[in-house]
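Chain by chain, the residues:
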Amino acid sequence: MKRAICITLMLTFAICSYGQTENKMKDFDPAFAHTVYFWLKQPDNQADRQKFEASLQRFLDNSKYAKTNFIGTPPKASRDVVDGSFTYSLIVTFASAQAQEGYQNEEAHLRFIEECKDLWTKVIVYDSQGI
């Protein structure tokens with residue numbers, strides 16, 4: 001019985017550790033959250049989506065300021081209050097408002113905008129400071 005528990009705990013630890021290493025898991029920083037919604041001009045165009053996703057991921061991989069990030073697409077809405085009209089969402093956290101200001105002007109961010117600005121029709125940003 002003790003051996004089975006020990007093996008189970010070891011496997012659980014190994015699986016959790018693998019996931020964190022693979023995904024470069026970081027703790028969410030509640031100091032400052034930057035939430036962006038993108039509406040692509042041609043949301044069903046796979047070439048546009050691949051270009052957008054590759055450019056966005058390259059930007060985030062090279063950002064000096066972004067601590068954590070999440071890229072998402074809208075799920076099938078199950079309630080009337082859910083807005084699923086966007087094509088992509090991005091949530092990025094920062095250690096401070098000053099770090100977020102640096103991110104706005106960093107080369108990786110400006111390159112992403114230049115590469116993808118012709119792909120979208122609308123972008124909405126919501127910034128929040130933690131309480």
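Residues numbered from 1 in each chain as written. Predicted model: local features only at pLDDT ≥ 70, side-chain atom pairs only at ≥ 80, totals over all residues. Heavy atoms only, no water.

Some thoughts on the packing of helix α3 (residues 97-105) against helix α4 (residues 107-116)
Helices that pack against each other are described as a pair by the angle of their axes relative to one another and the distance between those axes. For clarity, the threshold we go by: Interaxial angle, 0 to 180 degrees, is taken between N-to-C directions of lines fitted to C-alpha atoms, where a helix line uses only the stretch in contact. Runs of E in the DSSP output that reach at least two residues are strands. Runs of H or I that reach at least four are helices, and both are numbered from the N terminus. In this scheme, roughly parallel covers angles under 35 degrees and roughly antiparallel covers those over 145, while 65 to 115 is roughly perpendicular and the rest are oblique. Contact definition: two residues touch when any of their heavy atoms are within 4.5 Å.
Here α3 crosses α4 at 50°, and the two axes come no closer than 5 Å. It follows from the interaxial angle that α3 and α4 lie oblique. Here Tyr-103, Gln-104 and Asn-105 of α3 lie close against α4, whose contacting residues are Glu-107, His-109 and Leu-110.

Examining the pairing of strand β1 (residues 32-40)
Let me state the cut-off plainly: Each residue is placed in one exposure class: buried if its accessible area under a 1.4 Å probe, protein chains only, is under 20% of its type's maximum, exposed if it is over 50%, and partly exposed if it falls in between. A pair of strands is treated as paired once DSSP finds two or more bridges between them.
With eight of nine residues buried, β1 lies mostly within the body of the structure. Looking at chain direction, β1 and strand β3 (residues 88-94) are connected through seven bridges and run antiparallel. Across the sheet, Thr-35 pairs through a bridge with Ile-91, a residue of β3. Inspection of the sheet shows β1 paired to strand β4 (residues 120-129) by nine bridges, in the antiparallel sense. The partner of Thr-35 across the bridge, within β4, is Tyr-126.

Some remarks on the nonpolar core
The line we're drawing: Only buried residues count toward a nonpolar core. Its members are Ala, Val, Leu, Ile, Met, Phe, Trp, Tyr and Cys residues joined through side-chain atoms within 4.5 Å.
The biggest cluster of nonpolar side chains holds 21 residues, and the ones touching the most others in it are Phe-38, Phe-52, Leu-90 and Phe-112. Those elements that provide at least two residues to this core are β1, α2 (46-62), β3, α3 and α4. Not counting residues up to four positions away in its chain, the partners in contact with Phe-38 are Phe-52, Phe-86, Thr-87, Tyr-88, Leu-90, Phe-112, Trp-120, Lys-122 and Val-123.

What to know about the side chain of His-34
With respect to the element layout, His-34 can be found in strand β1. What makes His-34 buried here is its relative accessible area of 4%. What His-34 contacts, discounting residues up to four positions off in sequence, is Leu-90, Ile-91, Val-92, Phe-94, Gln-100, Tyr-103, Gln-104, Val-125, Tyr-126 and Asp-127.

Some thoughts on the side chain of Ser-55
Note on placement: Ser-55 falls in helix α2. Looking at Ser-55, the relative accessible area reads 2%, which means it is buried. Aside from chain neighbours lying at most four places away, what touches Ser-55 is Phe-112, Glu-115 and Cys-116.

Some thoughts on the packing of aromatic side chains
Threshold: Centres within 6.5 Å are what make two rings of Phe, Tyr or Trp a pair, Trp counting through its six-membered ring; a difference in plane orientation under 30 degrees is then read as stacked, over 60 as edge-to-face, and the rest as tilted. When the NZ atom of lysine or the CZ atom of arginine is within 6 Å of a ring's centre and also within 35 degrees of its normal, the charge is said to sit over that ring.
Applying the stated criterion across every chain yields a total of 13 aromatic pairs. Ring pairing ties together the aromatic residues Phe-32, Phe-38, Phe-52, Phe-59, Tyr-88, Phe-94, Tyr-103, Phe-112 and Trp-120, which thus form one cluster. The ring of Trp-39 carries the charged tip of Lys-122 above its face, separated from the ring centre by 4.4 Å.

Some thoughts on the pattern of salt bridges
Condition: We count a salt bridge whenever a side-chain nitrogen from Lys or Arg sits within 4 Å of a carboxyl oxygen from Asp or Glu.
Scanning all chains against the criterion turns up three salt bridges. The salt bridge partner of Arg-111 is Glu-107, with a shortest N-O separation of 2.6 Å. Of this pair, Arg-111 and Glu-107 both sit in helix α4, four residues apart, which is roughly one turn of that helix. With a relative accessible area of 34%, Arg-111 lands in the partly exposed category. Residue classification places Glu-107 among the exposed positions, given a relative accessible area of 58%. For the salt bridge of Lys-117 with Glu-114, the shortest nitrogen-to-oxygen distance reads 3.1 Å. Among the residues examined, Lys-117 registers a relative accessible area of 37% and is labelled partly exposed.

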